[in-house]
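# Summary of structural features
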Amino acid sequence: MLRVAVLGAKGRMGAEVCRAVEAAEDLELVAALDAGDDLTPAQAADVAVDFTVPDAVMANLEWCAAHGVHAVVGTTGFTPEKLERVRELFDGTPAHAIVASNYSIGSLLMMKFSELAAPFFESVEIIELHHPNKVDAPSGTAATTARAIAAARRAAGLGPTPDATTEETDGARGADIDGIRVHSVRQRGLFANQEVRFGNEGEQLVIAENGFDRSSYMPGVLAAIRAVPDQPGLTVGIESLLGL
Ligand SMILES: NC(=O)C1=CN([C@@H]2O[C@H](COP(=O)(O)OP(=O)(O)OC[C@H]3O[C@@H](n4cnc5c(N)ncnc54)[C@H](OP(=O)(O)O)[C@@H]3O)[C@@H](O)[C@H]2O)C=CC1
Ligand SMILES: O=C(O)C1=N[C@H](C(=O)O)C[C@H](O)C1
């Protein structure tokens with residue numbers, strides 16, 4: 001039995017993770033903690049799963065590294081610099097960490113297909129659409145996708161995407177993530193959606209993923225919980241665990 005603590009247990013994702021862990025025969029939920037709780041009960045866990053908020057996750061990770069508890073992180077808002085700090089924290093320690101901006105198979109494939117398409121199109125922009133309770137923009141998934149596309153474009157020798165804009169109302173062209181424009185929509189009734197729109201002279205390719213329910217993340221989260229004891233240091237993304 002792997003013993004699991006959930007941090008952010010009263011949140012939308014944390015509550016879903018608690019249910020999934022309790023339903024799994026090889027996992028035991030030993031702590032369900034939320035904002036303001038002392039982390040001491042999480043010392044009974046082999047793995048802590050963090051679905052909290054960008055402002056809280058680093059302190060939780062410092063605690064995990066210091067107490068030898070493996071971490072599986074779904075909380076978003078990670079910049080490359082913040083990830084580097086996590087790498088340093090878990091480098092050579094008995095505790096390991098997996099950080100992924102998305103655990104759903106559809107989103108992982110959407111990111112992979114986008115990376116594959118990136119070298120073949122002159123233009124690309126990302127539109128992510130989420131529920132209005134989301135605190136971070138752009139979404140972690142959109143930022144990860146943008147960075148992967150930017151790296152694939154650079155490797156293929158592509159320059160900046162064409163854009164004649166010289167007059168701009170602040171924000172009209174979206175956020176600039178590594179040279180890729182990302183537009184964030186927040187709307188009642190939505191959950192989690194992303195479109196990656198590629199364009200060439202005379203054609204368009206749209207790669208879209210639509211999430212309807214938080215259960216879509218659970219197979220990936222459970223796979224990460226089971227894998228993290230055998231993944232030293234920091235693992236970013238769960239593609240390698242799924243053979244993608
Ligand atoms: N990687 C992935 O596949 C996915 C990632 N996410 C990400 O997961 C995160 C959580 O999303 P969601 O569940 O919708 O958000 P919620 O706001 O519903 O949940 C976050 C929970 O964490 C609690 N919390 C805040 N600070 C701490 C702390 N220091 N220790 C423990 N708990 C704390 C909050 O309490 P309070 O409200 O009182 O502050 C809240 O209950 C977001 O960053 C989101 O982007 C979401 C879906 C999938
Ligand atoms: O906050 C959410 O809901 C989600 N957050 C993640 C992100 O920021 O990418 C994953 C998914 O989009 C749902």
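These numbers were taken from a predicted model, which means no experiment stands behind them. (Residues numbered from 1 in each chain as written. Chains lettered and ligands numbered in written order. Predicted model: local features only at pLDDT ≥ 70, side-chain atom pairs only at ≥ 80, totals over all residues.)

A few words on the pairing of strand β1 (residues 2-7). With six bridges connecting them, β1 and strand β2 (residues 27-33) associate as parallel partners. Across the sheet, L2 pairs through a bridge with L27, a residue of β2. In this view, the connection linking β1 to its parallel neighbour β2 by way of helix α1 (residues 12-23) has right-handed handedness. Where β1 meets strand β3 (residues 47-50), four bridges bridge the pair, whose relative direction is parallel. From the neighbouring strand, L7 faces β3, where its bridge partner is D50. (Pairing = 2+ DSSP bridges. Helix = DSSP H or I, 4+ residues; strand = E, 2+ residues; numbered from the N terminus. Right-handed = clockwise from strand over helix to strand, strands pointing away.)

This next bit is on the environment of F191. Tracing the backbone through its elements, the reader meets F191 in the loop between β8 (180-186) and β9 (192-200). Overall, the presence of 15 C-beta atoms within 10 Å leaves F191 in the partly exposed class. If we skip the residues at most four places from it in the chain, F191 touches H131, G211 and F212. (Buried ≥ 20, exposed ≤ 12 C-beta atoms within 10 Å, placed from the backbone. Contact = placed C-beta atoms within 7 Å.)

This brings us to the UniProt feature "domain: Dihydrodipicolinate reductase N-terminal" (unreviewed entry) in the protein chain. Per the UniProt record, the feature "domain: Dihydrodipicolinate reductase N-terminal" (unreviewed entry) sits at residues 3-103. In this annotation, residues 3-103 is assigned 37% helix and 23% strand; the end-to-end C-alpha distance for the span is 20 Å. (UniProt positions renumbered as here; feature names shortened; annotations may be inferred.)

Below, the discussion takes up the sheet that holds β1. Read from one edge to the other, the open sheet built from six strands follows the order β2-β1-β3-β4-β5-β11, with strand pairing classed as parallel. Every other strand in the sheet has two partners, leaving β2 and β11 (234-236) as the edge strands with one partner each. Taking each pair of neighbouring strands and ignoring which way they run, the sheet shows an average axis angle of 20 degrees. As paired elements, strand β4 (residues 70-73) and strand β5 (residues 97-99) share three bridges and run parallel to each other. Counted as the bridge partner of A71 is A97 from β5. (Axes fitted to C-alpha atoms, helices over the stretch in contact; angles between N-to-C directions.)

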